[in-house]
Amino acid sequence: IQSADKYHFDGILVNKSTVTPGQLDQLVSLEDMGNGEKMATWSDGRKARILPNTDPVDMTRNRVDTRPETIDELDVDAIRPPKEGEQPEYSCNVLKAVLKAKSSELSIHGEIVSNFSSFLYGFRNMECGLMALLDDPEKAKEAIERLNQVSIFQAREQCKLGIDALKLSCAWAGAGLISRDMYEE
């Protein structure tokens, strides 16, 4: 909101609608690396490189990645939107705070990640996600359809709060990663 005032923006995109409470309480140190860059260290040993105006980058070495490597390891049944009352109380807490603090002149935009991006991010790396599309296309389509229901749920939750617009973000659409026909399918 301060940046919107300073630079005369007419709107704000809130791309992280929820932050887990207590996260900052686990911060052990925040070291200034110069050029606006910082290194955060958490009580469990994780480290994150924080650059201005972008998401933190996990710098933890030897972290165990529990995401599946193959489509066979993917539990499609576990993919579902929350049922009524299952979402935590702090759900959309950042978005709620921005909406509460905004002036009437500001347009507040929420954001959700597309089902296709969620599918790819759900694997150990992009190569694993792309191979999953080829190895078992039917299971991949089922997972993507289920993720679509999750996206719809998230969009509705943000719209109920009173956002002015919603951005559906897909970093891979039009990137030449897969063909247009495959993306549409």
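Keep in mind that what you see is a predicted model, and the values were worked out from it rather than measured. (Residues numbered from 1 in each chain as written. Predicted model: local features only at pLDDT ≥ 70, side-chain atom pairs only at ≥ 80, totals over all residues. Heavy atoms only, no water.)

Enquirer: Explain the nonpolar core to me, please; I cannot follow it from the model alone.
Expert: A general tendency of soluble globular proteins is for nonpolar side chains to be buried together. Judged by nonpolar contacts, the single largest core of 18 residues is most densely connected at Ile71, Leu74, Phe116, Phe119, Phe123 and Leu133. Listed by contribution, the elements that provide at least two residues to this core are helix H3 (115–121), helix H4 (126–135) and helix H5 (137–161). It is H5 that contributes the most residues to this core, 5 residues altogether. What Phe116 contacts, discounting residues up to four positions off in sequence, is Leu133, Ile144, Cys170, Trp172, Ile178 and Tyr183. Residues Cys92, Val98, Leu99 and Ile108 belong to the second largest nonpolar core, which totals 10 residues. (Core = buried A, V, L, I, M, F, W, Y, C linked by side-chain atoms within 4.5 Å. Buried < 20%, exposed > 50% of the residue type's maximum accessible area, 1.4 Å probe, protein only. Helix = DSSP H or I, 4+ residues; strand = E, 2+ residues; numbered from the N terminus. Contact = heavy atoms within 4.5 Å.)

Enquirer: Any chance you could explain the sheet that holds strand S1 (residues 11–14) here in plain terms?
Expert: Adjacent strands of a sheet form backbone hydrogen bonds with each other and so pair up, either parallel or antiparallel. If you trace the 3 strands from one edge of the open sheet to the other, you get S1-S6-S7, paired in parallel fashion. Only two strands of the sheet have a single partner each, and these edge strands are S1 and strand S7 (165–169). Here the average twist between neighbouring strands, direction ignored, is 25°. Bridge count for strand S6 (residues 107–113) against S7 is 5 bridges, and the pairing is parallel. Its bridge partner being in S7, Ile112 is matched across the sheet by Leu168. Strands in contact with H5 are S6 and S7; relative to S6, the strand with the most contacts, it is inclined by about 165°. (Pairing = 2+ DSSP bridges. Axes fitted to C-alpha atoms, helices over the stretch in contact; angles between N-to-C directions.)

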